Amino acid sequence: NLARNKLRMQSRGLNALGCSSSASGSNKHVRLEVPPKIVGIVSLSGESVSESSELEEQVRTLLSKESNASSGDHTFQYDSHKKSKLTILTNATSFAPTTQPSSDTLLTAALDLARICDVLLLVIEGSTTLLSSQSSLDAEKMMDTALLSPRGEAILQALKNQGLPTSYSLLACRPIDREATKNAKNRVLKRRMEVKKYVQRFATTEFGDGAKSLVVDLVDADTMEENATTPVVVTSNSQTATLIRTLCQGSSSPPKWTLLRSNLLSQTHVYHPSTQTLELTGYLRGHPPLDIHQ
């Protein structure tokens, strides 16, 4: 187990034990802090760039609200999972330009994001139109076009060509209309189960046997009526807890080719005008040492 844990930590950028020099010049072993697991959120849905960005931010907010502490704007701690830390980044706000983002810039940003991540969440939105369709036949015909946007398909293909970190498919469902009739709500719940099966088949097709898919509701649990009949869908709190547990405790690894060179993901940065020096603080990953001339 120790050897396995050591290899796992090395793949995330640090050795299990590090050396420091004492005043007498001798070396002693000190245990280094485990770096946060980097989680990237990439939307494969949304007709427009703004819809895609909004979906990513909603998933990020869902994860951050369940944390017990935060460090900076992107790193969150979860005490119920041995104080595991997750650095959560979205595609639209990490490498894409903040002004006038486009489908092309989101695609190149996704490639950069996947390069630094330990885990990638590929988010598929449960289309409101799809979930409210009258028949299963109509829903089946709509799934291929309603769930993934052309931009999302292009991003997915580019990511697979480059090389993926550990990846999960995440179905993010919109709220059920509280004013809808009981039959309409039950129909939406039934469609949701069908879409969930479709997303699992999608994950298996794209990432192979054993690929994992997850589901979250982008609403609080109290929006679900207590007397909803079968099929039963777990509450959003349980779904979010399952997602966080998978991210914190599940095995993960970045693309293998990124480990050949050292890199540093900045947690904080400070510019010193007097010396014209930019000071970066973060965790060294990949193959040390870090060489500024690389």
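Look up a bit, the structure's there.
Residues numbered from 1 in each chain as written. Predicted model: local features only at pLDDT ≥ 70, side-chain atom pairs only at ≥ 80, totals over all residues. Heavy atoms only, no water.

Tallied over the entire structure, the rule returns one aromatic pair. Aromatic side chains Phe202 and Phe207 sit 6.5 Å apart centroid to centroid with 85 degrees between the ring planes, which places their arrangement in the edge-to-face category. The class of Phe207 is partly exposed, set by a relative accessible area of 24%. (Phe/Tyr/Trp six-rings, centres within 6.5 Å; stacked < 30°, edge-to-face > 60°. Buried < 20%, exposed > 50% of the residue type's maximum accessible area, 1.4 Å probe, protein only.)

Tracing the backbone shows Thr75 in strand E5 (residues 75-78). Side chain to side chain, Thr75 and Thr87 meet in a polar contact 2.9 Å long. A polar contact is formed between the side chain of Thr75 and the side chain of Gln267, at a distance of 3.0 Å. When sequence neighbours within four positions are dropped, the list of residues in contact with Thr75 reads Pro36, Ala69, Ser70, Lys85, Leu86, Thr87 and Gln267. (Helix = DSSP H or I, 4+ residues; strand = E, 2+ residues; numbered from the N terminus. Polar contact = N/O pair within 3.5 Å; in protein donor to acceptor, adjacent residues only side chain to side chain. Contact = heavy atoms within 4.5 Å.)

Empty space within the second largest pocket amounts to approximately 460 Å³. Among the residues forming the lining of the second largest pocket, the class breakdown is six nonpolar, eleven polar and three charged. (1 Å grid on protein atoms, 1.4 Å probe; cavity = no way out; pocket = protein on both sides within 12 Å on 5 of 7 lines; lining within 4 Å. Points joined across faces, edges and corners; volume = space filled by probe spheres on them. Nonpolar A, V, L, I, M, F, W, Y, C, P; charged D, E, K, R; others polar.)

The next point concerns the pairing of strand E11 (residues 277-285). Relative to E11, strand E10 (residues 263-272) is paired through nine bridges, and the arrangement is antiparallel. Bridged to Tyr271 within E11 is Leu278. Hairpin connection of E10 to E11: four residues between the antiparallel strands, including Gln276 at a positive phi of 55 degrees. (Pairing = 2+ DSSP bridges.)

Moving on: the pattern of salt bridges. Following the criterion strictly, the structure yields six salt bridges and no others. Between Glu57 and Arg60 there is a salt bridge, with its nearest N and O atoms 3.6 Å apart. Pair noted here: Glu57 and Arg60 are both in helix H2 (residues 49-65), with a separation of three residues, about one helical turn. Accessibility expressed as a relative area gives 12% for Arg60, which makes it buried. (Salt bridge = Lys/Arg side-chain N within 4 Å of Asp/Glu carboxyl O.)

What follows concerns the sheet that holds strand E9 (residues 213-217). Pairing in this open sheet of seven strands is mixed, and the strands run E4-E5-E6-E3-E7-E8-E9 from one edge to the other. The two strands at the open ends of the sheet, each matched to only one other strand, are strand E4 (69-71) and E9. Ignoring which end each strand starts from, the neighbouring axes of this sheet average 30 degrees apart. Relative to strand E6 (residues 84-90), E5 runs antiparallel, the two sharing four bridges. Paired with Phe76 across the bridge in E6 is Leu86. (Axes fitted to C-alpha atoms, helices over the stretch in contact; angles between N-to-C directions.)

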